[in-house]
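# Reading the structure
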Amino acid sequence: MKAQILKLLQLKQLYKRQACGEKYANALFAPKSNAPIGQDINTLIKNCSLCNRIKHCKAPNIGLINQNASLCFISEIPLVSESQAFVQNKSAIMLQNIISNVFKLPLSQVSILSLIKCDPLNPHFEKSELLSCKPYVLTQLQSLTPKLCVLLGDVVSEHILGSHLEHSRILWHNNKKFLITYALNELVRNPSLKTQAHNDFLIAKGQL
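Residues numbered from 1 in each chain as written. Predicted model: local features only at pLDDT ≥ 70, side-chain atom pairs only at ≥ 80, totals over all residues. Heavy atoms only, no water.

In the nomenclature of an unreviewed UniProt entry, the protein corresponds to Uracil-DNA glycosylase-like domain-containing protein from the organism Helicobacter magdeburgensis.

## Some words on the packing of helix H4 (residues 127–142) against helix H5 (residues 154–161)
Here H4 crosses H5 at 70 degrees, and the two axes come no closer than 10 Å. Judged by the angle between their axes, H4 and H5 are roughly perpendicular. With respect to the hand of their crossing, H4 and H5 are arranged in right-handed fashion. Contacts between H4 and H5 pair Leu130, Lys134, Val137, Leu138 and Leu141 from the former with Val155, His159 and Ile160 from the latter. Looking at side-chain class alone, the contact of H4 with H5 contains six nonpolar, one polar and one charged residues. (Axes fitted to C-alpha atoms, helices over the stretch in contact; angles between N-to-C directions. Helix = DSSP H or I, 4+ residues; strand = E, 2+ residues; numbered from the N terminus. Parallel < 35°, antiparallel > 145°, perpendicular 65-115°, else oblique. Left-handed = near helix turned anticlockwise from the far one by under 90°. Contact = heavy atoms within 4.5 Å. Nonpolar A, V, L, I, M, F, W, Y, C, P; charged D, E, K, R; others polar.)

## As for helix H3 (residues 90–102)
In a regular helix each residue adds 1.5 Å, so 13 residues correspond to 18 Å; H3 covers 17 Å between its end C-alpha atoms and thus fits that length. Looking at H3, one finds that the buried residues are Ser91, Ala92, Met94, Leu95, Ile98, Ile99 and Val102. One face of H3 carries all of its buried residues, which in axial projection span an arc of 160 degrees. Residues of H3 that are buried sit in contact with strand E1 (71–75), strand E2 (110–114), helix H6 (184–189) and helix H7 (194–205). Looking at where H3 begins, the residue whose side-chain oxygen comes 3.3 Å from the main-chain nitrogen of Ser91 is Asn89. Once H3 ends, the next one or two residues include Lys104, with phi positive near 55 degrees. (Expected span 1.5 Å × (residues − 1). Buried < 20%, exposed > 50% of the residue type's maximum accessible area, 1.4 Å probe, protein only. Arc of directions from axis to C-beta. Polar contact = N/O pair within 3.5 Å; in protein donor to acceptor, adjacent residues only side chain to side chain.)

## What to know about the packing of aromatic side chains
Note on aromatic pairs: each is described by the distance of the centres and the angle between the planes. In the structure shown here, the tally under the stated rule is two aromatic pairs. Ring centres of Phe73 and Phe103 lie 5.7 Å apart, and the angle between their planes is 80 degrees; on these two criteria the pair is classed as edge-to-face. Of the two residues, Phe73 sits in strand E1 while Phe103 sits in the loop between H3 and E2, which places them 30 residues apart along the sequence. Considered together, Phe73 and Phe103 belong to a single accessibility category, that of buried residues. Pairwise contacts between aromatic rings join Phe73, Phe103 and Phe201 into one cluster. (Phe/Tyr/Trp six-rings, centres within 6.5 Å; stacked < 30°, edge-to-face > 60°.)

## A look at the side chain of Asn42
Within the element layout of this structure, Asn42 appears in helix H2 (residues 37–46). For Asn42, a relative accessible area of 14% gives the class buried. Here the side chain of Asn42 touches Gln140 through a polar contact of 3.5 Å, side chain to side chain.

## Section: the pattern of salt bridges
Scanning the model with the defined rule gives two salt bridges in all. Where Arg53 meets Glu129, a salt bridge forms, and the shortest distance between an N and an O atom there is 3.4 Å. Here Glu129 lies in helix H4 and Arg53 lies in the loop between H2 and E1, a separation of 76 residues in the sequence. Exposure class is identical for Arg53 and Glu129. Each is buried. Across the pair Glu166 and Arg169 runs a salt bridge, and its minimum N-O distance is 3.5 Å. A relative accessible area of 48% places Glu166 in the partly exposed class. (Salt bridge = Lys/Arg side-chain N within 4 Å of Asp/Glu carboxyl O.)

Okay, here's the thing in structure tokens:
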């Protein structure tokens, strides 16, 4: 299944480039070496140009990926830079504090993915951009085995789980545990939600 998803992502990229005048040969689909699935998908992400957001950053962002991480966060836009350091905005700094102060975890025990892979300083995105990036994050998630995935916001929930579901509950989907809480930019805009979000994070901590 993972190999099929990767091939479809490659095909999508190639059709996009063909539409811009590039030519390609079937040799591009020749079997690769026995590289880990995560390495293949990360290479695809780094070379992606499926939407215009790539014009506003140096390269698409794979996120922070630790294969042995016990906890995975998924946000709307990237919260770590291409160098895998936290982006300097309020949402990213908030998540950094949550990981350190609430979960008491080192970054080596955390993975951080995002629906959108480019332009982390722009919180606004189009639905077409989400749809272009969605297969990437789903494939990345398949390669990870955290004890729990925390979905940061209803937009993330809709695209990962397929619908808006109740916050503050442990949910099972595709043999993984999920918990939905508020998007970080919601917490920045509306600090009154922080108490409920903190309770959600304590529920999540109890699963580790």
